[in-house]
Amino acid sequence: MDREELIGKLSTAVNEGSVEESSSLAEKGVEAGFDPLEVLAGVTGALKEVGHRFGRGDMFLTELMFCAEAAKGATAVLTEEIKRQKRDVPYLGRVLIGTVAGDIHDIGKSLVAALLTAEGFEVIDIGIDVPDEAFVEKVGELKPDVLGMSALVSSTMVKFKDVVRALEEAGLRDEVKVIVGGAMIDQEWAEQAGADAFGSDAVDAVAKVRSLLNIR
Ligand code: B1M
């Protein structure tokens with residue numbers, strides 16, 4: 001099977017919510033030596049398609065959940081390979097990352113965390129549905145160089161602003177750079193929230209974190 005065929009089959013597996021099939025195809029891609037980032041793009045592209053179908057009402061929530069599990073399985077295999085390929089990279093800094101309160105989407109956030117780890121950052125992932133105060137508490141306790149927040153739903157995007165304000169109130173805002181991202185987020189929203197950067201995807205997030213810390 002060539003790369004295009006594998007990516008096509010993987011996209012179908014994600015679209016159909018075939019959990020075992022998607023992981024097995026991702027493993028085949030790794031064994032064949034295909035670029036894991038390129039294969040990952042097939043997975044995220046398929047999830048976008050799934051999102052459109054769900055948004056149009058062409059799919060039930062239970063079906064969406066299977067598609068998400070299929071994507072997660074493949075993503076886990078591919079991100080492990082990315083980390084393996086980037087072994088022995090120098091330490092670049094500490095990043096605290098999480099999905100904001102009220103939001104349980106974690107695939108994008110985990111992908112950003114995995115690529116940052118592969119790049120040489122120590123990433124502390126505090127999970128999903130993270131209350132504002134937990135972000136602030138962890139920034140105070142762990143002193144990360146960068147705080148990353150992810151949000152995917154319109155009603156949770158406002159949380160970035162709340163956390164930034166809470167960091168200011170705790171006197172911690174000047175001690176940490178803030179980057180935000182998620183499917184609905186753009187540069188303008190990030191600026192309005194008071195963040196220092198916006199990541200359009202995981203690769204861009206890594207570039208922005210490097211730039212925030214003046215790492216060439
Ligand atoms: Co949800 N969901 N979902 N969902 N879901 C969306 C976001 C939605 C757009 C689908 C749709 O209707 N078209 C819609 C939001 C609409 C809106 O608000 N305008 C939606 C909805 C409505 C919901 C529920 C409310 C559905 C319901 O219950 N009726 C519910 C919300 C629950 C909650 O959070 N409270 C819900 C639930 C779910 C599942 C649990 C079934 C599942 C998530 C499973 C999981 O994460 N473990 C799910 C999924 C899978 C999606 C879609 C289809 C795919 C999301 C995804 O993982 N994409 C999504 C549609 C879409 O996004 N177009 C949708 C792949 C991922 C790699 O991309 O997360 O964008 P993404 O991350 C990218 C970039 O955005 C960026 O880099 C990543 C890698 O490239 N990025 C960052 C992300 N975070 C970053 C942080 C950074 C920097 C970059 O710095 C820190």
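Enquirer: How would you sum up the coordination of the cobalt atom of the ligand? Please name residues and give values.
Expert: Under ideal tetrahedral coordination, the four donors around a metal are separated by 109.5 degrees; under ideal octahedral coordination, the six donors are separated by 90 or 180 degrees. No protein donor other than His105 (NE2) coordinates the cobalt atom of the ligand, and that contact is at 2.2 Å. One can find His105 in the loop between strand S1 (93-99) and helix H5 (107-119).

Enquirer: Give a description of the domain arrangement of the chain that names residues and reports values.
Expert: One frequent convention defines the size of an interface as the accessible area lost when the parts assemble. If you check the domain split of the chain, you get domain 1 (3-84) and domain 2 (94-212). Of note, the centres of domain 1 and domain 2, computed from C-alpha atoms alone, are 24 Å apart. Residue-level contacts link 11 residues of domain 1 with 8 residues of domain 2. Buried area between domain 1 and domain 2, summed over both chains or domains, comes out near 700 Å², and the portion from carbon and sulfur atoms is 88%. Where domain 1 meets domain 2, there are 1 salt bridge. We note a salt bridge from Lys72 to Asp106, for which the minimum N-O separation is 3.4 Å. Inspection of the region where domain 1 meets domain 2 yields 1 residue pair in polar contact (both at pLDDT 80 or more).

Enquirer: Account for the sheet that holds S1, with residues named and values stated.
Expert: Here 5 strands make up an open sheet; going across it, the order is S2-S1-S3-S4-S5 and the pairing parallel. Where the open sheet ends on each side, the last strands, each with one partner, are strand S2 (121-125) and strand S5 (197-199). Put simply, the sheet's adjacent strands are angled 25 degrees from each other on average, direction ignored. In this structure, strand S3 (residues 146-150) lies alongside strand S4 (residues 177-181), joined through 5 bridges in parallel fashion. Each residue of the ladder has a partner; that of Ser150, found in S4, is Gly181. The sheet contacts of helix H6 (residues 132-142) involve S1, S2 and S3, and relative to S1 the element is tilted by about 165 degrees. Strand contacts of helix H7 (residues 159-169): S3 and S4, with the helix running at about 155 degrees to S3, the strand carrying the most contacts.

Enquirer: For H5, give the residues involved together with the corresponding values.
Expert: Between the first and last C-alpha of H5 there are 18 Å, a value that for 13 residues agrees with the 18 Å anticipated at 1.5 Å per step. For H5, the buried fraction is high: 10 of the 13 residues fall into the buried class. Of the residues making up H5, those classed as buried are Ile107, Lys109, Leu111, Val112, Ala113, Ala114, Leu115, Leu116, Ala118 and Glu119. Tucked into the core, H5 has its buried residues touching helix H3 (36-55), helix H4 (61-85), S1, S2, S3 and helix H9 (202-212). Once H5 ends, the next one or two residues include Gly120, with phi positive near 120 degrees.

Enquirer: Any details on the pairing of S2? Residues and values, ideally.
Expert: Pairing geometry for S1 and S2, over 5 bridges, is parallel. Counted as the bridge partner of Val95 is Val123 from S2.

Calculation notes
Residues numbered from 1 in each chain as written. Predicted model: local features only at pLDDT ≥ 70, side-chain atom pairs only at ≥ 80, totals over all residues. Heavy atoms only, no water. Donors = N, O, S within 2.8 Å, 3.2 Å for Na, K, Ca; no water. Helix = DSSP H or I, 4+ residues; strand = E, 2+ residues; numbered from the N terminus. Domains from an automatic or database assignment. Contact = heavy atoms within 4.5 Å. Buried area = accessible area lost by both parts, 1.4 Å probe. Salt bridge = Lys/Arg side-chain N within 4 Å of Asp/Glu carboxyl O. Polar contact = N/O pair within 3.5 Å; in protein donor to acceptor, adjacent residues only side chain to side chain. Pairing = 2+ DSSP bridges. Axes fitted to C-alpha atoms, helices over the stretch in contact; angles between N-to-C directions. Expected span 1.5 Å × (residues − 1). Buried < 20%, exposed > 50% of the residue type's maximum accessible area, 1.4 Å probe, protein only.

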